[in-house]
Amino acid sequence: MPEDTSLNAVELATEVTIAWLGNNNNRVSAEEVPAFLRLVHATVTELASGTDAASAPSEEAAPEEFTPAVTARKSLASKDHIISMIDGKPYRTLRRHLSTHGLTPEQYRERYNLKADYPMVAESYSEQRRAMAHKIGLGQRGRTARAEANEGGGEKAKRAPRAPKTA
């Protein structure tokens, strides 16, 4: 009977792996498939034999090593886009891409040992947004207040005294 269980475990692990590879959302290299198949087979075997998975040493306890897809220098080589260190693809802004991977910009910088000032937005995109903001007048309120203060001789504008309250 144990041979029948192992055969079923192999078939089940194979079916799960095939279904996982058939999903378009899973991008995986050919080198990762055997490891995934082994993991699924071990899990199915544990479940079939009734042993507790917590008693076995877990691989999740060890901190993961993340290897960047590109170097930090190459990721910032173009003014038009930033190349993600997760998948090596170019993006104008990394924030949405990072959120799809469950990361914040701070976690991303920590994961790949980047400086705190590592940009999350491409330089040209930032300039476009800045120009658009100036064109529609954002930030003008502070400039006009400073200009009025300078025209008045540097004195603060005095308010008219309030009328006394009547009871």
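In this convention, every chain numbers its residues from 1, walking through the sequence in written order. Where totals are concerned, whole chains, interfaces and linings use all residues; where local detail is concerned, this predicted model gives features only for residues with pLDDT of at least 70, and gives and counts side-chain atom pairs only at 80 or more. Side-chain numbers here rest on the full set of heavy atoms in the structure, without hydrogens or water.

Asker: Lay out the overall build of the chain in plain terms, naming residues and giving numbers.
Answerer: When you go through the chain residue by residue, the secondary structure sums to seven helices and two strands. For the purposes of this entry, the term helix denotes a DSSP run of H or I that reaches at least four residues, the term strand denotes a run of E that reaches at least two, and both are numbered from the N terminus. Put simply, the chain runs from its N terminus to its C terminus through helices and strands in the order α-α-α-β-β-α-α-α-α. Think of it in three bands: residues with accessible area under 20% of the maximum for their type are buried, residues over 50% are exposed, and the middle band is partly exposed, with areas taken using a 1.4 Å probe on protein chains only. Considering the chain as a whole, with its 167 residues, one finds that 14% of them fall into the buried category. Per-residue and other accessible areas follow the Shrake-Rupley method at a 1.4 Å probe size, with only the shown protein chains counted as cover for residues. Accessible surface, the chain as shown: approximately 13,900 Å² in total, 54% of it carbon and sulfur.

Asker: Let's hear about the packing of aromatic side chains: which residues, and what values?
Answerer: For any pair of aromatic rings, the description consists of the separation of the ring centres together with the inter-plane angle of the planes. Whether two aromatic rings pair depends on their centres lying within 6.5 Å, for rings of Phe, Tyr and Trp, where Trp uses its six-membered ring; planes under 30 degrees apart make the pair stacked, over 60 edge-to-face, and the rest tilted. Going through the model one piece at a time under the given rule, you end up with three aromatic pairs. Ring geometry for W20 against F36: centres 3.9 Å apart, planes inclined by 20 degrees, an arrangement best described as stacked. On the criterion of sequence distance, the pair formed by W20 in helix α1 (residues 2-22) and F36 in helix α2 (residues 32-49) is long-range, its members being 16 residues apart. Measuring from centroid to centroid gives 5.4 Å for Y108 and Y112, while their planes differ by 65 degrees, and the two rings are edge-to-face. The exposure class assigned to Y112 is buried, which follows from its relative accessible area of 11%.

Asker: Any chance you could break down helix α6 (residues 123-136) for me, citing the residues and the numbers?
Answerer: The span one expects for a helix is its residue count, reduced by one, times 1.5 Å. Along its 14 residues, α6 runs 20 Å from first to last C-alpha, staying within 8% of the 20 Å computed at 1.5 Å per residue. With its phi angle positive at about 95 degrees, G137 sits one or two positions after the end of α6.

Asker: Requested: an account of the nonpolar core, with residues and values cited.
Answerer: When a protein is soluble and globular, its nonpolar side chains tend to lie buried together. Residues belong to one nonpolar core when they are buried, are Ala, Val, Leu, Ile, Met, Phe, Trp, Tyr or Cys, and are joined through side-chain atoms within 4.5 Å. Counting 13 residues, the largest nonpolar core has M85, L94, L98, Y108, L114, Y118 and M120 as the members making the most contacts within it. Setting aside its immediate chain neighbours within four residues, Y108 contacts I83, S84, M85, I86, L94, L98, L103, L114, Y118 and M120. Contacts were defined at the residue level, with two residues in contact if any of their heavy atoms lie within 4.5 Å.

Asker: Could you give an account of the side chain of T17, with specific residues and numbers?
Answerer: Summarising the element assignment, T17 is placed in helix α1. Judged by relative accessible area, T17 falls into the buried class, the value being 6%. Of note is the side chain of T17, whose polar atom sits 2.8 Å from the backbone oxygen of A13. Once you skip the residues sitting within four places of it in the chain, T17 turns out to touch V33, F36, L37 and V40. For the purposes of these results, a polar contact is taken to be a pair of N or O atoms within 3.5 Å, where, inside protein, one atom must be able to donate a hydrogen and its partner to accept one; residues adjacent in sequence count only when each atom of the pair is a side-chain atom.

Asker: Quick rundown of α2? Include the residues and the values.
Answerer: Each full turn of the α-helix corresponds to 3.6 residues, which orients residues three or four apart in the same direction. Compared with an ideal rise of 1.5 Å per residue, which puts 18 residues at 26 Å, α2 spans 26 Å between its outermost C-alpha atoms and is within 8% of the ideal. G50 lies just past α2 and shows a positive phi near 85 degrees.

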